[in-house]
Amino acid sequence: MSVQVAAPAVELKELSGPMDKAAGPSCESVTAHPPGHGVAAAPCSLPAAEREAAPAPSSSSCGGGGERPPLSGCPGLSAAAAVPPGAAKVPQASAMKRSDPHHPQHRHRDGGDSGGAAAEALVSPDGTVTEAPRTVKKIQFADQKQEFNKRPTKIGRRSLSRSISQSSTDSYSSAASYTDSSDDETSPRDKQQKNSKGSSDFCVKNIKQAEFGRREIEIAEQEMPALMALRKRAQGEKPLAGAKIVGCTHITAQTAVLMETLGALGAQCRWAACNIYSTLNEVAAALAESGFPVFAWKGESEDDFWWCIDRCVNVEGWQPNMILDDGGDLTHWIYKKYPNMFKKIKGIVEESVTGVHRLYQLSKAGKLCVPAMNVNDSVTKQKFDNLYCCRESILDGLKRTTDMMFGGKQVVVCGYGEVGKGCCAALKAMGSIVYVTEIDPICALQACMDGFRLVKLNEVIRQVDIVITCTGNKNVVTREHLDRMKNSCIVCNMGHSNTEIDVASLRTPELTWERVRSQVDHVIWPDGKRIVLLAEGRLLNLSCSTVPTFVLSITATTQALALIELYNAPEGRYKQDVYLLPKKMDEYVASLHLPTFDAHLTELTDEQAKYLGLNKNGPFKPNYYRY
């Protein structure tokens, strides 16, 4: 329902009073304001004598929806003035009804047509009015096409509900899939689909959405200058020729640009999603149409998630030699299910805290038999993707899902790493009162110096309005915490894994789950208290909103360079361990993005370089330097 507001010209229309069930106004709208009186009556549909016979209103009827006073009773306004000379008289009939049911004066306040005797002005054969309509005047803009309903009909209520729920889904833009409103509930696993080349080696929601997804990818390319520059510079050399990369990341327009860059550099790719909610169905379709074997769709089940990963890996005659992972699930699956395949992998590139932690565990246990690159702890990932990206996307995710006001809200952020720092900075800037929980005394001291109060979660859990986890740990928010939260407390996660909030403990018979929007659930306690759980405890920004494309360009370029480095490294350079990205490579990624800002680097003179003991072209900081 939309209300169009136009120019300041107004007119008075007669609408039924607030207590009327149905009313049919008896007079036309007052549209003119002649001098000397202030209001002049337009021609009335009843004769003056009949209007004078109408019952007089009570003294309290002026604003309370009582009967309308006869025009002859208005000071300075006579029956003769109300009915111009020569006006046609109303034909006599046993029961005359107004003929145009669609006229605005013939409708209820709730938008329904007038119906029943009470809604009609009737004239008996002897000329007396059997029932006077009850109306009240309301100022309305002249060009206004619709009025807000006080008591919507079922159709109106359903339309409004549809409007709200649809906007909350569609407003996700690239975060919510193009097919969120689709009525097709058939699982993609049960569909037989082929792209225009006749290939069926993929599983997406709907291959017909490829054209829409292609436009999304083209838009993303405009904000990913470094990746496009890398594609242009290196595609002639094909540094990844012969590489067979199996990937498990968020499948978004930005990831699609990375995948197509890897393809342009000579690699063969097979891809699955690392998150069941973050896939853009239209982008997955565009990739499948381009010939990439993609197995992902928005809203996968847990079983679908592992099935998709297996379809990427378990292919007859195709042995992957590189892994690009986000979260460690793909690496874990190959290590557990296909140990012989895992031993033939040449290198692993991992970009998340959770996945890196798993790699270090394998390395410590002596079970990591391939070299791995820790992209998450590279400067270009931590300082840009983790910090600057989350600083913007936390607000985006919360706004799109809850429409909340941040000013004055009490928020607790669990963890003050780079993600936590970004979230806290954004919320503080919006006027929120921010508390921080932290286990590391160094990060804790940083939080204190940045003006945040360091607390234990138990100390503030009853009073906060929002709880945000970003630790990479498990059971940070437990059932005990959830039980003690205030009514309507919002709970969400900004870490990669869905283990930070104990969502499984909420799936019990005494609690009721109510889906109110896409990725928004109300969990209701027996006493009526409810919490608002976003994305079922999974990554908020990529599940419920979008992330800045430019920042993802930095991360994607880092990933591409890490793959090139591991794949082309001579035998023995990297052993079976976890490595950080070389500093020189970090600096190169950053330099590729500077032209976007028309930035100009200062160059060292030979004397300055000698004084600092540096190469004029870098690297400019030692590996132990903390940015």
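As a starting point, this report considers the structure included with it. No experiment lies behind these values; they were computed from the predicted model shown. (Residues numbered from 1 in each chain as written. Predicted model: local features only at pLDDT ≥ 70, side-chain atom pairs only at ≥ 80, totals over all residues. Heavy atoms only, no water.)

1. What to know about the nonpolar core
Then, in step 1: If you look at the biggest cluster of nonpolar residues, it comprises 55 residues, and the most contacted ones within it are Leu-240, Ile-245, Leu-262, Trp-271 and Val-294.
Then, in step 2: Going through the elements one at a time, α5 (210-222), α6 (225-234), α7 (253-264), β4 (268-273), α8 (281-289), β6 (322-325), α19 (549-568) and α20 (583-593) are the ones with two or more residues in this core.
Then, in step 3: Ranked by residues supplied to this core, first place goes to α19 with ten residues.
Then, in step 4: Setting aside residues no more than four positions away along its own chain, Val-294 makes contact with Asp-201, Phe-202, Cys-203, Val-204, Ile-251, Met-259, Trp-271, Ala-284 and Leu-287.
Then, in step 5: Ala-447, Ile-466, Val-520 and Leu-540 belong to the second-largest nonpolar core, a separate cluster that totals 31 residues. (Core = buried A, V, L, I, M, F, W, Y, C linked by side-chain atoms within 4.5 Å. Buried < 20%, exposed > 50% of the residue type's maximum accessible area, 1.4 Å probe, protein only. Helix = DSSP H or I, 4+ residues; strand = E, 2+ residues; numbered from the N terminus. Contact = heavy atoms within 4.5 Å.)

2. Considering the sheet that holds strand β15 (residues 520-524)
Then, in step 1: Sheet architecture is open: eight strands sit in the order β11-β10-β9-β12-β13-β16-β15-β14, paired in mixed fashion. Sheet topology places β11 (453-454) and β14 (512-517) at the edges, where each strand pairs with a single neighbour.
Then, in step 2: Alignment of strand β9 (residues 410-414) against strand β12 (residues 466-469), held across four bridges, turns out to be parallel. Bridge pairing in β12 links Cys-414 to Thr-469. (Pairing = 2+ DSSP bridges.)

3. Comments concerning the side chain of Ser-505
Then, in step 1: Counting through the fold element by element, Ser-505 comes out in the loop between β13 (489-493) and β14.
Then, in step 2: For Ser-505, the side chain forms a polar contact with the main-chain oxygen of Asp-502, separated by 2.7 Å.
Then, in step 3: Contact partners of Ser-505, with chain neighbours within four places excluded, come to Arg-479 and Leu-482. (Polar contact = N/O pair within 3.5 Å; in protein donor to acceptor, adjacent residues only side chain to side chain.)

4. Some points on helix α14 (residues 418-429)
Then, in step 1: Taking 1.5 Å per residue as the helical rise, α14 with its twelve residues ought to reach 16 Å, and the 17 Å between its terminal C-alpha atoms agrees with that figure.
Then, in step 2: Within α14 the residues assigned to the buried category are Glu-418, Val-419, Gly-420, Lys-421, Gly-422, Cys-423, Cys-424, Ala-426 and Leu-427.
Then, in step 3: Against the buried residues of α14 lie α13 (379-402), β9, β10 (433-437), α15 (441-449) and β12.
Then, in step 4: Phi turns positive one or two residues past the end of α14, at Gly-431, with a value near 95°. (Expected span 1.5 Å × (residues − 1).)

5. Regarding the environment of Ile-554
Then, in step 1: Structurally, Ile-554 can be placed in helix α19.
Then, in step 2: The exposure class of Ile-554 is buried, given its relative accessible area of 6%.
Then, in step 3: When residues no more than four places from it in sequence are discounted, the contact partners of Ile-554 are Thr-380, Phe-384, Val-589 and His-593.

6. Digging into the packing of aromatic side chains
Then, in step 1: Under the counting rule described, the total for this entry stands at nine aromatic pairs.
Then, in step 2: Aromatic pair Tyr-335 and Phe-342: ring centres 5.5 Å apart, planes at 75°, arrangement edge-to-face.
Then, in step 3: Judged by relative accessible area, Phe-342 falls into the buried class, the value being 1%.
Then, in step 4: Every member of this aromatic cluster is reached through a ring pair, and the members are Phe-305, Trp-306 and Trp-333.
Then, in step 5: Positioned above the aromatic ring of Trp-513 is the side chain of Arg-507, whose terminal nitrogen or guanidinium carbon lies 4.3 Å from the ring centre. (Phe/Tyr/Trp six-rings, centres within 6.5 Å; stacked < 30°, edge-to-face > 60°. Lys NZ or Arg CZ within 6 Å of the ring centre and 35° of its normal.)

7. Observations regarding the pattern of salt bridges
Then, in step 1: Taken as a whole, this structure holds 21 salt bridges when the rule is applied.
Then, in step 2: Residues Asp-303 and Arg-189 are paired through a salt bridge, measuring 2.8 Å at the closest nitrogen-oxygen approach. Linking Asp-303 in helix α9 (residues 302-313) with Arg-189 in the loop between α4 (154-170) and α5, this pair joins segments that are 114 residues apart in sequence.
Then, in step 3: Residue Arg-189 is classed as partly exposed on the basis of its relative accessible area, which comes to 29%.
Then, in step 4: Of the charged contacts in the structure, one is a salt bridge between Arg-515 and Glu-536, with a shortest N-O distance of 3.3 Å. You can see Arg-515 sitting in strand β14 and its partner Glu-536 sitting in the loop between β16 (530-534) and α18 (540-544), a full 21 residues away along the chain.
Then, in step 5: By relative accessible area, Arg-515 is classed as partly exposed at 46%.
Then, in step 6: Taken together, the shared-partner salt bridges in this structure form one network comprising Arg-507, Arg-515, Asp-521 and Glu-536. (Salt bridge = Lys/Arg side-chain N within 4 Å of Asp/Glu carboxyl O.)

8. Overview of the sheet that holds strand β7 (residues 347-350)
Then, in step 1: The seven strands are arranged β5-β4-β3-β6-β7-β8-β17 in an open sheet whose pairing can be described as parallel. Strands with a single pairing partner mark the edges of an open sheet, and in this sheet they are β5 (294-295) and β17 (578-580).
Then, in step 2: Summarising the sheet, strand β8 (residues 372-374) and β17 pair through three bridges and their orientation is parallel. In the sheet register, Ala-372 faces β17, and the bridge partner there is Val-578.
Then, in step 3: Set on the sheet, α9 makes contact with β3 (244-249), β4 and β5; between it and β4 the angle comes to about 170°. (Axes fitted to C-alpha atoms, helices over the stretch in contact; angles between N-to-C directions.)

9. Section: unusual backbone geometry
Then, in step 1: Of note, the amide linkage connecting Gly-618 to Pro-619 takes the cis form, showing an omega dihedral of 0°.
Then, in step 2: In this fold, Pro-619 is placed in the segment after α21 (606-612).
Then, in step 3: Positive phi, normally seen in glycine, also occurs at Lys-238, with a value near 50°.
Then, in step 4: Tracing the backbone shows Lys-238 in the loop between α6 and β3.
Then, in step 5: The residue Glu-536 is not glycine, and still its phi comes out positive at about 55°.

10. Points about the pairing of β4
Then, in step 1: The buried fraction of β4 is high, at five of six residues.
Then, in step 2: Chirality of the crossover, the property in question, places the unit of β3, α7 and β4 among those that are right-handed.
Then, in step 3: Note that β4 and β5 share two bridges and pair parallel. Residue pairing for β5: Ala-272 is matched across the bridge by Phe-295.
Then, in step 4: Once the chain exits β4 it traverses α8 before rejoining the sheet at β5, and the crossover so formed is right-handed. (Right-handed = clockwise from strand over helix to strand, strands pointing away.)

11. Thoughts on the side chain of Asn-374
Then, in step 1: Looking at where Asn-374 falls in the secondary structure, it is placed in strand β8.
Then, in step 2: A relative accessible area of 0% means that Asn-374 is categorised as buried.
Then, in step 3: Separated by 3.1 Å, the side chain of Asn-374 and the backbone nitrogen of Asn-376 make a polar contact.
Then, in step 4: In this structure, Asn-374 is in contact with Glu-350, Val-356, Tyr-360, Val-578, Tyr-579, Leu-580 and Leu-581, ignoring residues within four places of it in sequence.

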